[in-house]
Amino acid sequence: FFLPRRNAYSLLEVDLANAAKLTGIRAKERSYTYEPIEGTDMLGMLNIVANFEGTYADLIELVNHIDRSKRLLIIDQLQAQPQQGSNMLNVAVRMNAFFRMDGPEAGEEESKLVQVGVTPSVTEAPKPVQTPHPPILIGASSKYAVERVAEYADGWMPIAGSCDLDERLAQLRDAIESEGARTVS
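Computed from a prediction, not measured in an experiment: that's the story for all the values here. Numbering of residues begins from 1 in every chain and follows the order in which that chain's sequence is written. Per-residue local features of the predicted model are confined to residues with pLDDT of at least 70, and side-chain atom pairs are confined, for both listing and counting, to 80 or more; whole-chain, interface and lining totals are unaffected and use all residues. In computing side-chain values, all of the structure's heavy atoms are included and hydrogens and water are not.

Student: Any details on the side chain of Ser-141? Residues and values, ideally.
Tutor: Locating Ser-141 in the fold gives a position in the loop between strand 6 (137–138) and helix 4 (143–152). Relative accessibility under 20% of the residue-type maximum defines a buried residue, over 50% an exposed one, and the middle range a partly exposed one, all with a 1.4 Å probe and only protein chains included. The exposure class of Ser-141 is buried, given its relative accessible area of 4%. It only takes one pair of heavy atoms within 4.5 Å for two residues to be counted as in contact. Apart from residues no more than four positions distant in its own chain, Ser-141 is found in contact with Asp-67, Pro-158, Ile-159, Ser-162, Cys-163 and Arg-168. The numbering of helices and of strands both runs from the N terminus, where a helix is a DSSP run of H or I of at least 4 residues and a strand a run of E of at least 2.

Pasting the structure below:
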């Protein structure tokens, strides 16, 4: 689920272009920014702003395609603005993706990434009260999302009516058992 740092941008570019093509929505400009994850030198986060043009049905297909992705893509914000005099929408999607710094070049890559426009003085406040962190909840219903829940999350919030709940619960139980003994609520 974590992208390798070396080709994270190119993998996401291909994924987003394919998603647009498969769903019938027209891809427009995209931008990527890097944010380090405090407390680790091994993980980073890409903030992606992707713009599209299409119908409401195209947008729904795109969101479903992103939800079914094997990558850990989190939709942070979605804005749809109708175009005057047509049934088309201008769509802006802000997403987060996570990557891992691995291999001997990790420190070298880190220094190159800072040049992408990240403000090094960014701080997080207030600090979480919980130790080690607040619970991680994933709200999605695809089979890939359920696998991500089993591997990374502390809880699951299925999307009502988007799947056979009994089937997904069985899949979640199986995935948790294969990951090892832990509890997901």
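The rest of the description comes next.
Student: So what about helix 1 (residues 8–23)? Which residues, and what values?
Tutor: Residue count minus one, scaled by 1.5 Å, sets the expected span of a helix. Here helix 1 contains 16 residues, and its C-alpha end-to-end distance of 22 Å stays within 8% of the 22 Å for a straight helix at 1.5 Å per residue. The complete set of buried residues in helix 1 reads Ala-8, Leu-12, Leu-16, Ala-19, Ala-20 and Thr-23. For helix 1, the buried positions fall inside an angular range of 95 degrees around the axis, keeping them on one side. Opposite its buried face, helix 1 presents the exposed residues Lys-21 and Leu-22, each directed more than 90 degrees away. Buried residues along helix 1 sit in contact with strand 1 (3–4), strand 2 (26–36), strand 3 (43–54), helix 2 (56–68), strand 4 (73–82) and strand 5 (89–100). Gly-24, located one to two residues past helix 1, shows a positive phi value of around 80 degrees. Directions pointing from the helix axis toward each C-beta atom define the arc.

Student: Requested: an account of the environment of Phe-2, with residues and values cited.
Tutor: Turning to its location among the elements, Phe-2 is positioned in the segment before strand 1. With 99 residues separating them in the primary sequence, Phe-2 and Met-101 have C-alpha atoms 9.7 Å apart. Apart from residues lying up to four places away in sequence, Phe-2 is in contact with Leu-43, Leu-72, Phe-98, Phe-99, Arg-100 and Tyr-152.

Student: Please provide a residue-by-residue account of the packing of aromatic side chains, values included.
Tutor: Between the rings of Phe, Tyr and Trp (Trp by its six-membered ring), a pair exists once the centres lie within 6.5 Å; its type follows the angle of the planes, with under 30 degrees stacked, over 60 edge-to-face, and the other angles tilted. This structure, assessed with the given rule, holds 1 aromatic pair. Plain terms: the ring middles of Tyr-34 and Phe-99 are 5.6 Å apart, the flat faces sit at 35 degrees to each other, and that makes the pair tilted. Of this pair, Tyr-34 sits in strand 2 while Phe-99 is found in strand 5, placing the two residues 65 residues apart along the sequence. Among the residues examined, Phe-99 registers a relative accessible area of 1% and is labelled buried.

Student: Kindly report on the side chain of Asn-96, identifying the contributing residues and their values.
Tutor: Along the chain, the position of Asn-96 falls in strand 5. Residues within four places of Asn-96 in sequence aside, it is in contact with Met-45, Leu-46, Asn-47, Leu-72, Leu-73, Ile-74 and Asp-76.

Student: Describe the pattern of salt bridges, listing the residues and the values that go with them.
Tutor: The salt bridge definition used is simple: a Lys or Arg side-chain nitrogen within 4 Å of an Asp or Glu carboxyl oxygen. Taken as a whole and assessed by the stated rule, the structure comprises 5 salt bridges. With its nearest N and O atoms 2.7 Å apart, the salt bridge here joins Arg-94 to Asp-76. Separated by 18 residues along the polypeptide, Arg-94 in strand 5 and Asp-76 in strand 4 bring together distant segments of the chain. Owing to a relative accessible area of 42%, Asp-76 belongs among the partly exposed residues under this scheme. The partner of Glu-167 in a salt bridge is Arg-168, and the shortest N-O contact between them spans 3.4 Å.

Student: Describe the pairing of strand 3, with residues and values.
Tutor: For strand 3, the tally of buried residues reaches 10 of 12 residues, placing the bulk of the element in the interior. The pairing of strand 2 with strand 3 spans 9 bridges and is antiparallel. Within strand 3, the residue paired with Arg-26 across the bridge is Glu-53. What makes two strands pair is DSSP finding at least two bridges between them. The hairpin turn running from strand 2 into strand 3, its antiparallel successor, is 6 residues long, and Gly-39 in that turn takes a positive phi close to 95 degrees. As judged from the 12 bridges shared by strand 3 and strand 5, these two strands associate in the antiparallel manner. In the strand pairing of strand 5, Ala-50 is matched with Val-93.

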